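The residues making up each chain are set out below.
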Amino acid sequence: MKFRPADEITGYHVHIYYDGATKQWAGHLRREVAKLFPDAEIGRWRDKAPQGPHPQSHYQIAFETELFAHIVPWLTLNRGALDMLVHPNTGDGYEDHANNRMWVGSSLDLRLDYLKQLAEKRKAAKAQKAA
Ligand code: ZN
């Protein structure tokens, strides 16, 4: 196995999972993140689940690598009962969600088959273009 330099990481996502019981706290957290970390990009509520690899309702926070040391510790202290997936973005969605991830709270069963199929479709499309 080869070591990969950390500068392959172009940014991070945190996916914040909620349900009926935790949605209110997820809303408080969202407003506070917007206030404290204005450079972070907060995605819309995704109530519909499953969606893509995500088995539960969630929203996403995207941020630059430099913000990691500030926002992730803050989220761990303020997660309440929320479970969060933290993953780097290196250009390989499957790798980033399956192998390069971290969990805050409990881990969920991601639908990794979905990402694998997506990656295979992209690879096939690329091969077709090259041919
Ligand atoms: Zn993500």
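Now for a look at the structure at hand. (Residues numbered from 1 in each chain as written. Predicted model: local features only at pLDDT ≥ 70, side-chain atom pairs only at ≥ 80, totals over all residues. Heavy atoms only, no water.)

With seven of seven residues buried, strand 4 (residues 83-89) is to be regarded as a mostly interior element. Two elements, strand 4 and strand 5 (residues 102-104), share three bridges in a ladder whose sense is antiparallel. The residue bridging methionine 84 from the neighbouring strand is valine 104, located in strand 5. (Buried < 20%, exposed > 50% of the residue type's maximum accessible area, 1.4 Å probe, protein only. Helix = DSSP H or I, 4+ residues; strand = E, 2+ residues; numbered from the N terminus. Pairing = 2+ DSSP bridges.)

Turning to helix 2 (residues 68-77), a few remarks are in order. For helix 2, the full list of buried residues reads Ile71, Val72, Trp74 and Leu75. The buried residues of helix 2 occupy an angular sector of 160° when projected down its axis, which confines them to one face. Those residues of helix 2 that are exposed and aimed more than 90 degrees away from the buried face are Ala69 and Leu77. For helix 2, the secondary structure elements touched by its buried residues are strand 1 (11-17), helix 1 (23-36), strand 3 (58-63) and strand 4. (Arc of directions from axis to C-beta. Contact = heavy atoms within 4.5 Å.)

We now examine the nonpolar core. Counting residues in each nonpolar core, the largest one holds 21 residues, and the members touching the most others are Ile16, Leu29, Ile61, Phe63, Ile71, Leu75 and Met84. Elements with a minimum of two residues in this core: strand 1, helix 1, strand 3, helix 2 and strand 4. Among the elements that take part in this core, helix 2 stands out by supplying four residues, more than any other. (Core = buried A, V, L, I, M, F, W, Y, C linked by side-chain atoms within 4.5 Å.)

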